[in-house]
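# Observations on chain architecture
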Amino acid sequence: MYSIYKTVHSATALEHCVYCNLLSAHEKQLVVAGTSQLHIYRLNSDHEVKDKNATEASKKSKLECVMSYNLWGNISSMQKVRITGSIRDSIILTFKHAKMSILDYDPETHSLKTTSLHYFEDEELTDGRRQVIDIPVVCVDPDNRCAVELIYGTHLVVVPFKKDIASEDTETGKLSSISSYTIDIRKQLDEKISNVIDIQFLHGYYEPTLFILYEPLPTWPGRTAVRTDTCSILALSINMQDRVHPIVWSANNLPFDCIRVHPVPKPIGGVLVFAVNSVMYMNQSTPTYAVSLNSIGDHCTAFPLKHQEGVKLALDCCQAAFISYDRLVLSLKGGEIYVLTLMVDGTRNVRSFHFDKAASSVLTTCMCHCDEGFLFLGSRLGNSLLLKYTEKEQEDMLMYHNTTDVTQQHTSDVTQQHTYEDLHTTKKKRLDTMGDWMASNVDEIDDMDELEVYGSETEGGTHLSSYTFEVCDSIMNIGPCGQITMGEPAFLSEEFSGIIDPDIELVSTSGYGKNGALSVLQRSIRPQVVTTFELPGCTDMWTVVGNLPKPDSSPVDAESLETEEKDNKDKQDIKDGHAYLILSREDSTMILQTGQEIMELDHSGFITSEPTVYASNMGNNKYIIQVSPSGVRLLEEVKQVQHIPLDLGSPIIQCSVIDPYVLVLSAEGQLVMLNLRPDSFGSGVRLALLKPDLQTETRIECMCLYKDISGLFVTSKEDNVSNIASKSSDVPSTSVGFNLEQSVDDEDELLYGDSSISLMTDGSKVDQTTSAVNETATKTKEVSPTFWACLYRENHSLEIYSVPDFKLSYVIHQFPMAYQTLQDDYKTSSSSANTSDKKSDKSIPNLEPVSEIVLVGLGNKKSRPYLLACAGEECLMYEVFPCHLTSSTGRLKIRFKKTDHNLILREKKSAKAKTRAKSEAAEKQKNNPKALVSRLRYFEDISGYSGVFLCGPYPHWLFMSTRGSPRFHPMGIDGKITSFTPFHNVNCPKGFLFFNRLGELRISVLPTHLSYDATWPIRKVPLRCTPHMITYHPESKTYTVVSSTQDPCSKMMRVKEEERELVQEVRDDRFVWPLVEKFSFQLFSPVSWEAIPNTKVEMEDFENITALKSVYLRSEETHSGLKCYVAVGTNMCYGEEITSRGRIMLFSIIEVVPEPGQPLTKNKIKMIYDKEQKGPVTALAHVEGYLVGAIGQKIYIWALKDNDLSGVAFIDTQIYIHTITSIKNLMLIGDIHKSVSLLRFQTDFRVLSNVARDPKVMEVYACDYLVDNTQLGFLVTDKEQNLNLYMYQPEARESVGGTRLVRRGDMNIGTNINSMFRLRCKLSDPSTEKRASTIIEKKHTTFMGTLDGGINFILPITEKVYRRFLMLQNVMSTHIQHLAGLNPKAHRLYKTKCKNLTNPQRNIIDGDLVFSFMSLNENEKGDLARKVGLTSPNQIIEDLMEIDRITSHF
């Protein structure tokens, strides 16, 4: 069995973050990483008034994604470094085992490049160990002299960055680097050094000095009575030139629970050592100062610790970052944020610590300090947050400076509390509307004393400051996906009820603790249809703004999901709504007036006797322009103002309008420009005609106009500096922002940013000598918009002209070749990024014709220009970036970088049918030229989003918000879409219109309950508790969710005289009680995603829910003989002294009469069965109408009769069965240590037997089936992040007579998978009306959710396709340059703890690598296709399209 594995939703969890000058020397960027994903964000600053009483503007920032990369390896650690001689920072990445890569920014291609690779995977370094559990950690010297990586837990890799001046290369003039080397810390330093806990470089030393925290003789909490204080430290001075490493400082007998080291910056210096129950400040020249944070720290160590009064903390799993030299922010495992202040005296000796609880936020995985006042918290358990912290202003602090006693301070604070309540009212309102999923109750602390602490000056000058935190922005995370289930969405328009494939949405458990949530995912967009008209024969349409008489009746509520506030806002904006709809036909035009009702206009100034080529508004929406094949009309409302007949020798086929310019193109390539100018006669305006004088004679195929307000389209560097500086101005006037007061309270705006955030780019800090005040004062110049025309010619050249003088400013030859980087080819002899491949252009004479180009500004205030082009059936997308490497005068200082979207938009047809249709269309166009129907439709403000809609056989939405990431979402539910236009109307506020293949005009809106600025459209439902399991009940269409809350526990279960009783434990006030989970489950309705009242079932204390499943059991109540029940299995966790027991509960979800005003109460839970079992219930399933359960080391099968379970069969198994998956009468069971087994239940004989099992040791995470017609495979994921494919093949020799499962496929997927589910392949294709073949109908796609927030699938494929893809995969592994020097083949290699005696089976294609074939240029595609043995890449693309279409569910 052959298959292909592919990622369809990239991982969203973040584990590493740094803030550095990666892209620019003048502006810092935030670099975040998680698993194999690397993202670079820019902080866009804006000035907004915080509240009415504030006198100064307060700076806020939003995150904008600049770049994203997918690496062929999981990132273990990440650091920044400034290499000698560089003006920018570099990024150091380490990967599993002993790989290190240094990445730098390449301004020529606007991408990251690999500058250095270090590889230390050596058998000698591992000491013969096969399994290496030590994660490679890298740290960088504060003075950027070297980096040190800890590998295999026993060796240090030293990578020097300091140049060797003595060995200067005379030919190149460059300084050579000192080579890297390794240090065996046991042989070269001290044989006692083992079990290294953390390494960090110290500040303020002449030589790079490495601080090592290690534990030579390990212990654990249960053995502290015998062995404690086992940790030690040493400081190592590194002399890279002589490779001498003397130990300059050491100490022993530190507490055994030391976990982390944080070097203190200058001028204090030294180091902070964090233990779970204590904090120590250590310095080589001063005595150690250490405090205990709770009473556990007082008793578990002999290290001298002082009591930290008023604090009861535990620092396990905490993250910390310095915000100044004497203050650092701590984020604890529960999300609490503390500010730790180091109190120093006059000699800079730390004399005390001060802990201030400032806020409560997300559960943090990584943390870094950004610009002054900003802090980033990265998380893999919730949304990552950008926080803004503010220190109390000095005038507010003065009133407390005379108070020296902390108790008196708090008393005084209470009396002054009313002064600050008004100050924080606005912020409280703002944060209350964020939604619980933000996981930031920063300002929801009831008592202001807990929120802010005021201090006074101490002897040494250190003063205590109060800090407040607020959320500026966040990055969405749907991980960890503990369990994913499918369900039916609550809302689907009636027009789509007859589709072949079931309409399904995914619901996943996400987050942990107070970050817990349910993530509702829909991959494709289902528009909410308001109404449908049948208008056959229409080829194109446009909507224009006009003034209609205000309707008397109230608007019809078309979007019932919108809030009342937004509805009111829409009603106010209807005055700028679209008043006329222009429909073009083959030989005529229909004009519709769109008010309360849609009616046809019989008499108007519009031309209706011939088709319309284009229609739009001009003059700030005051006028309407209509372009027909014979001329142009200018109208004011429906009154004709001007008519310009144009005789160009051929009819007009294309038009582009950017106020005040109109560009018209004829069928023979003639170009005419019209300019809207004021006129003293008549209506006051007129269109002036201009025939551009173009130098070249090659025919123009298509064109577009572009208005640049980004400041990138400049012909000299001085213009760019002034434009970018003015772009950071406080009052940008070129873009219309949303109403800030209303958008701040919007949940989506707080997550995804709003449209009024100004852009800070590389030029915003050009003059470094100017102070910030003067710099802000000088930035008063507004961005002056510039106008440009893009022309695509018959010779495949793309030209950019300035408007209105039409001066040639940019040329790109062979544009359809789709190179990764495009640059100005004005001088063909100059070296360029894309001329190196152009020698072989003649080998591909048949370039795909470009039928349409669009240059639009997207993103934050349209500051990100993108070039989109339709080349044949595919869509090319390029991002514009500044590049000042060319010195040519009068040329644009820009380049184009290709955006890889890997979309396959072509129609599903045979090659002959495509060729025939293409030739017929070309012949028809030649004989009777028609207007070019645009496939790329730009839109603004459709439900608050802007972007481009891609019409055609497989329609897609392209959204880009202030977040900066292009989001492609398919909309294939209505098939092929021929035309699209925005529509803002009283009955359809901020909606859109489109024609489907049947000629039906649908008036629709986007469902607003989903957020579209994400990889998939998503709705996150906050739970404020940890979700563990979820299952869908099809009969009642509800979800059952198992969740838990953590509460401190001071009781233990004891056995006294064979009876169990809870005993209250007594401890002191500073004791940190353990947290115990309290389980419960409840029903949720997909209509509003609220918990259904009175359906919550609480578990007993210490009772954990271990299994939840919707099971179909035999019942006489239904026609089918099966009824769906919710089965729950539990386990009583009383400790190791008490025998573990469990319960099985069966529930039926029934419908009752709902309570008045509570429609959700129509569903209730009815208990069917509830009994205690002899052991823990660890897994549940159903087979042939019977209930299957794993209890202890046995598997039982029960029959439900008269609300009681009667035993039918049982079998003994391995150690701990935690997953059971059934299909027909087969069951696949997964053991926590002993791999998987296949069981069969024979109903007639009531026999449960073991068919086959995998004899090897494997820690199973999840298992499911892979169905390919008559073949059945068994998919298993394990702890080593492998995906295994087993088959039952009794005739094979390896199966030992059919008793063993045979492994027929394996690969490493680089992430842990905890949940899998199957779905039949999709039968319908949006591009065709044909139904898929029977072979596809009997094939299943197995989807899986990862613990890092990703969604993947595996699909069986034929051997022919597999062989073709295997050759392509092998060629692409070596042909494509991979970032960070990683190898896809090594990344996907099967990984084990110990060496197996079997070879890897593979047989699974890496779909992520194969699908990147679509992002190659045409030359590379042709070369790879020939290496595979094909004449053209079309066959590969067809195979990829087939896989993409049949797996495009949800």
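A few points on the structure. Predicted model only: the values in this text are computed from it and were never measured.

Mapped onto the elements of the fold, His1449 is located in the segment after helix 19 (1434-1446). Taking the C-alpha atoms as reference points, His1449 and Asp503, 946 residues apart in sequence, are found 8.3 Å from one another. The residues contacting His1449, other than those within four sequence positions of it, are Arg523, Leu1319, Arg1320, Cys1321, Lys1322, Thr1341 and Phe1343. A polar side-chain atom of His1449 sits 3.4 Å from the main-chain amide nitrogen of Lys1322.

All right, on to the packing of aromatic side chains then. Tallying each qualifying case throughout the model produces 41 aromatic pairs. Ring geometry for Tyr801 against Phe806: centres 6.1 Å apart, planes inclined by 40°, an arrangement best described as tilted. Of the two residues examined, Tyr801 and Phe806, each falls in the buried class. Here Tyr1196 and Trp1198 contribute two aromatic rings whose centre-to-centre distance is 5.7 Å and whose plane-to-plane angle is 20°, an arrangement assigned as stacked. A residue is classified by how much of its surface remains accessible, and Tyr1196, at 26% relative accessible area, is partly exposed. Each member of the aromatic cluster is reached from another via a ring pair, and the members are Phe939, Tyr945, Phe949, Trp957, Phe959, Phe980, Phe992, Phe994 and Tyr1012. Note that Lys6 overlies the ring of Phe1411, its terminal NZ or CZ placed 4.7 Å from the centroid.

Here we come to the side chain of Asp106. Inspection of the secondary structure puts Asp106 in strand 8 (residues 99-106). Lacking a salt bridge, the buried Asp106 has Lys113 as its closest oppositely charged neighbour, with an N-O distance of 4.4 Å. Within the structure, Asp106 has its side chain in polar contact with the backbone nitrogen of Glu108 (distance 3.2 Å).

Relative orientation and spacing of two packed helices are given, respectively, by the angle between their axes and the distance between those axes. Between helix 15 (residues 1359-1375) and helix 18 (residues 1418-1428), the shortest axis-to-axis distance is 9 Å and the interhelical angle comes to 125°. Here helix 18 runs oblique to helix 15, going by the angle between their axes. When the axes of helix 15 and helix 18 are compared, the crossing they make is right-handed. Contact residues: Arg1364, Met1367, Leu1368, Val1371, Met1372 and His1375 in helix 15; Glu1420, Leu1424, Lys1427 and Val1428 in helix 18. Looking at side-chain class alone, the contact of helix 15 with helix 18 contains six nonpolar, one polar and three charged residues.

Oppositely charged side chains can pair when the atoms bearing their charge come close. If you walk through the whole model with that rule in mind, you get 52 salt bridges. Where Arg42 meets Glu64, a salt bridge forms, and the shortest distance between an N and an O atom there is 3.3 Å. With Arg42 in strand 4 (residues 37-48) and Glu64 in strand 5 (residues 58-70), this pair connects stretches of sequence that are 22 residues apart. Neither Arg42 nor Glu64 differs from the other in exposure class; each is buried. In this structure, Arg1320 and Asp501 form a salt bridge, with 3.8 Å as the shortest nitrogen-oxygen distance. In this pair, Arg1320 sits in strand 89 (residues 1313-1320) while Asp501 sits in the loop between strand 33 (484-487) and strand 34 (505-510), placing the two residues 819 residues apart along the sequence. Residue class for Arg1320 comes out partly exposed when judged on its relative accessible area of 30%. For Asp501, a relative accessible area of 6% gives the class buried. Counted as one network, the salt bridges with shared partners bring together Glu27, Arg42, Glu64, Arg864 and Glu879.

The next subject is the sheet that holds strand 82 (residues 1226-1231). The four strands lie next to each other as 81-82-83-84, forming an open sheet whose pairing is antiparallel. Both outer strands of the open sheet, strand 81 (1217-1223) and strand 84 (1247-1253), are each paired with one neighbouring strand and no more. Adjacent strand axes in the sheet meet at a mean angle of 25°, parallel and antiparallel pairs treated alike.

Where helix 15 contacts helix 19, the axes come no closer than 11 Å and their chain directions differ by 115°. Between helix 15 and helix 19, the interaxial angle falls into the category roughly perpendicular. In this structure, the crossing between helix 15 and helix 19 has a hand that is left-handed. Judged by residue contacts, Val1361, Arg1364, Phe1365 and Leu1368 of helix 15 engage Gln1435, Ile1436, Asp1439, Leu1440 and Ile1443 from helix 19.

The strands that make up a sheet pair up through hydrogen bonds in the backbone, lying either parallel or antiparallel. Reading across from one edge, 36-64-63-62 is the order of the four strands in this open sheet, with antiparallel pairing throughout. In this open sheet, the two edge strands, each paired with only one partner strand, are strand 36 (528-534) and strand 62 (977-983). The mean angle between the axes of side-by-side strands here comes to 20°, regardless of whether they run parallel or antiparallel. Looking at chain direction, strand 62 and strand 63 (residues 991-996) are connected through six bridges and run antiparallel. Note that in strand 63 the partner of Phe983 across the bridge is Gly991.

This part takes up the pairing of strand 37 (residues 538-545). In the case of a regular strand, side chains alternate between the two sheet surfaces. Counting buried positions along strand 37 yields seven of eight residues, so the element is predominantly enclosed. By the bridge criterion, seven bridges tie strand 37 to strand 38 (residues 578-585) in an arrangement that is antiparallel. In the strand pairing of strand 38, Asp540 is matched with Ser584.

Conventions we followed
Residues numbered from 1 in each chain as written. Predicted model: local features only at pLDDT ≥ 70, side-chain atom pairs only at ≥ 80, totals over all residues. Heavy atoms only, no water. Helix = DSSP H or I, 4+ residues; strand = E, 2+ residues; numbered from the N terminus. Contact = heavy atoms within 4.5 Å. Polar contact = N/O pair within 3.5 Å; in protein donor to acceptor, adjacent residues only side chain to side chain. Phe/Tyr/Trp six-rings, centres within 6.5 Å; stacked < 30°, edge-to-face > 60°. Buried < 20%, exposed > 50% of the residue type's maximum accessible area, 1.4 Å probe, protein only. Lys NZ or Arg CZ within 6 Å of the ring centre and 35° of its normal. Lys, Arg positive; Asp, Glu negative; His and termini not counted. Salt bridge = Lys/Arg side-chain N within 4 Å of Asp/Glu carboxyl O. Axes fitted to C-alpha atoms, helices over the stretch in contact; angles between N-to-C directions. Parallel < 35°, antiparallel > 145°, perpendicular 65-115°, else oblique. Left-handed = near helix turned anticlockwise from the far one by under 90°. Nonpolar A, V, L, I, M, F, W, Y, C, P; charged D, E, K, R; others polar. Pairing = 2+ DSSP bridges.

By themselves these figures say nothing about function.
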